[in-house]
Amino acid sequence: MVHVDPHEAGAVPAIELTGATKRFRTPSGTLHTAVRELDLTVAPGEFVAVVGPTGCGKSTTLTLVSGLEEPTEGEVRVYGEPVSGINGHVGFVFQQDAVFPWRTVLSNVMAGPRFRGVPADRAREKARDWLSRVGLSAFEDRYPHQLSGGMRKRVALAQTFVNDPRILLMDEPFSALDVQTRALMSDQLLELWAGTGSSVVFVTHDLDEAIALADRVVVMTAGPATVKEVFTVDLPRPRTVEAVRLEPRFVELYREIWASLGEEVRITRERGAGRAA
Amino acid sequence: MPLETAAPATPAVTRTEVRERAARNRKLGVYGARAAVLAAFLGLWEVCARTGVIDPFNFSQPSRIWAQIWQWVTHGTAQGSLGEQIGYTLYEALTGWVLGVVGGVLLGIALGRVRFLADVFGPYVKVLNAIPRIVLAPIFLIWFGLGPASKVASAVVLVFFPVFFNAFQGAREVDRNLVANARILGADSRKVTLQVVVPAATTWIFTSLHVSFGFALIGAIVGEYIGATKGLGLMVAAAQGTFNAAGVYAAMTILAVVALFTEGLLTFAEKRLFRWKPADAGDGR
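Overview of the structure. In this text the structure is predicted, and so the values were computed from the model without any measurement.

1. Section: the overall build of chain A
Link 1 in the chain: Helices and strands together make up the secondary structure of chain A, namely nine helices and 10 strands.
Link 2 in the chain: Computed over the C-alpha atoms, the radius of gyration of chain A is 19 Å, within 12% of the 19 Å expected from 2.2 N^0.38 for a compact globule of 277 residues.
Link 3 in the chain: Principal-axis analysis of the C-alpha atoms places the extent of chain A at approximately 55 × 45 × 45 Å.
Link 4 in the chain: Within chain A, the fraction of its 277 residues that count as buried is 52%.

2. With respect to the packing of aromatic side chains
Link 1 in the chain: Within this structure, the stated rule accounts for 20 aromatic pairs over all chains.
Link 2 in the chain: Between B:F140 and B:W143, the ring centres sit 5.7 Å apart and the planes meet at 70°, which makes this aromatic pair edge-to-face. Of this pair, B:F140 and B:W143 are both found in helix α7 (residues 136-144), three residues apart, which corresponds to roughly one turn of the helix.
Link 3 in the chain: Given a relative accessible area of 60%, B:W143 falls into the exposed group.
Link 4 in the chain: Ring pairs connect the aromatic residues B:F160, B:F161, B:F164, B:F165 and B:F168, which therefore count as one cluster.
Link 5 in the chain: Over the aromatic face of A:F24 sits the side chain of A:K22, whose NZ or CZ is 5.3 Å from the ring centroid.
Link 6 in the chain: If you follow A:R166 out to its NZ or CZ, it ends over the ring of A:Y79, 4.0 Å from the centre.

3. Brief notes about the sheet that holds strand β6 (residues 90-93) of chain A
Residues and elements named next belong to chain A.
Link 1 in the chain: In spatial order, the strands read β6-β7-β8-β3-β9-β10; together these six strands make up an open sheet with mixed pairing. If you trace the sheet from one side to the other, it starts and ends with β6 and β10 (227-232), each paired once. Across the sheet, the mean angle from the axis of one strand to that of its neighbour is 15°, orientation sign disregarded.
Link 2 in the chain: Inspection of the sheet shows strand β9 (residues 216-220) paired to β10 by five bridges, in the antiparallel sense. When the bridges of β10 are listed, V218 appears paired with V230.
Link 3 in the chain: Where helix α2 (residues 58-66) meets the sheet, it contacts β3 (47-51), β6, β7 (167-171), β8 (199-204) and β9, and its direction lies at approximately 150° from that of β7.

Thresholds, definitions, all that
- Residues numbered from 1 in each chain as written.
- Chains lettered and ligands numbered in written order.
- Predicted model: local features only at pLDDT ≥ 70, side-chain atom pairs only at ≥ 80, totals over all residues.
- Heavy atoms only, no water.
- Helix = DSSP H or I, 4+ residues; strand = E, 2+ residues; numbered from the N terminus.
- Rg over C-alpha atoms; globule rule 2.2 N^0.38 Å.
- Buried < 20%, exposed > 50% of the residue type's maximum accessible area, 1.4 Å probe, protein only.
- Phe/Tyr/Trp six-rings, centres within 6.5 Å; stacked < 30°, edge-to-face > 60°.
- Lys NZ or Arg CZ within 6 Å of the ring centre and 35° of its normal.
- Pairing = 2+ DSSP bridges.
- Axes fitted to C-alpha atoms, helices over the stretch in contact; angles between N-to-C directions.
- Contact = heavy atoms within 4.5 Å.

Keep in mind these numbers describe shape, not what the thing actually does.
Take a look at the structure:
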């Protein structure tokens, strides 16, 4: 892969989607457009949150960047190179539990390096390091079912970060957690991310979470998804989620973005009502 | 006041004790009732046979069955020692089971993973599965002779299909998130199969192993019953040939004990293998 030095960083975006469109064939045989004419650029080291109404195609955007799916039209580039297949520099944190239930915590975190051919000793060392960063050192011999939802999510984070991804894709990673745990996890994510310099695309339906975490918030239209508006979050870092929420600028931003997002949410809801009627 | 603070502690302890004792008594009660049911059944059978309510020549009676077993244990059977017969049947059943399981798992996972293979071979597997496989036993006897090979063959065809279908289903129904996660983490297709699909399918495969060992025993016994030189199935056939009802029952009893014992071994192995599963997940469905 290309090496990106800071001077070049501005020139070559970490992620670049141009006119990306994704259509799926539904089981009934009709074509469903999930993403339409999507243009989005993410700079190296930037944290971008993507918000949009439920089911509008936010997750599809992530699968296009990760290489799990190919765009029907348009182009997806990662560090200037067109995406074809899974890219080794990409990490993906899933909405549902995706840790391997038959592996212990340590073995789960070792999985990535081991898949990539790192020797077991080295992989174990790296895994232990990341486990201690997420505060799970004492649980390395447990199986996932013996942990709480929040702890499993921390295993998933360690499992992803241990591969040193330059691009981190997160698909509503904390949506299944309770509110308090979610705030703690958000802070932990910011802490882990701060040291890596990787770019993050964080999909969420929670506007609070989006503003608290991101440098830029991208508002998607009701499906098929495309970019509606992009907002820059000019809140200083380092941030902690609970504190940043109380700042007047946060409230201002919230109001601005919600004005844009709320409209799309309403459209989606009216469509749903129309379909139900 | 100190009395009041101390008071809750004492009854709490005794309450646990009471609960423990109740649980123990309940367990004893269940075991006792089980033994009583067996004793009543055997006793009734024995009494009916002795008083002539049922004909002991056709239906035999527990004391005669026991005498028959004891005679086999001490003096051996017409075909050799009892241990040898059990060993023969177990050898045939186990060999057939292992071959059937290996074949079923390999093909099931291969067809579950590779769409093309599934599309090509799917109809053939269905057709073969539709044949009542026990009628193949006489054919195997013609092909492979009176030795163990024909029994192993009938055990294999009985074991293969349930294991195959479960492995196939297991490979098909692997959580797509797990596969996507493994691929992102850097696993190639081979590693996804070996380290994600196979472990995820083991729950499915294991549920079929229990049932299929029973099938392997059936295959071996039926094979022996149709024609053999050794084995428990042959003992059943020999006892039937001389109108020795007690012999048939005695062979059945020995079979049941053997089957229960091997079932216990399987359960033990399963517990070791599924330590990663929550304890209350039941049979894993």
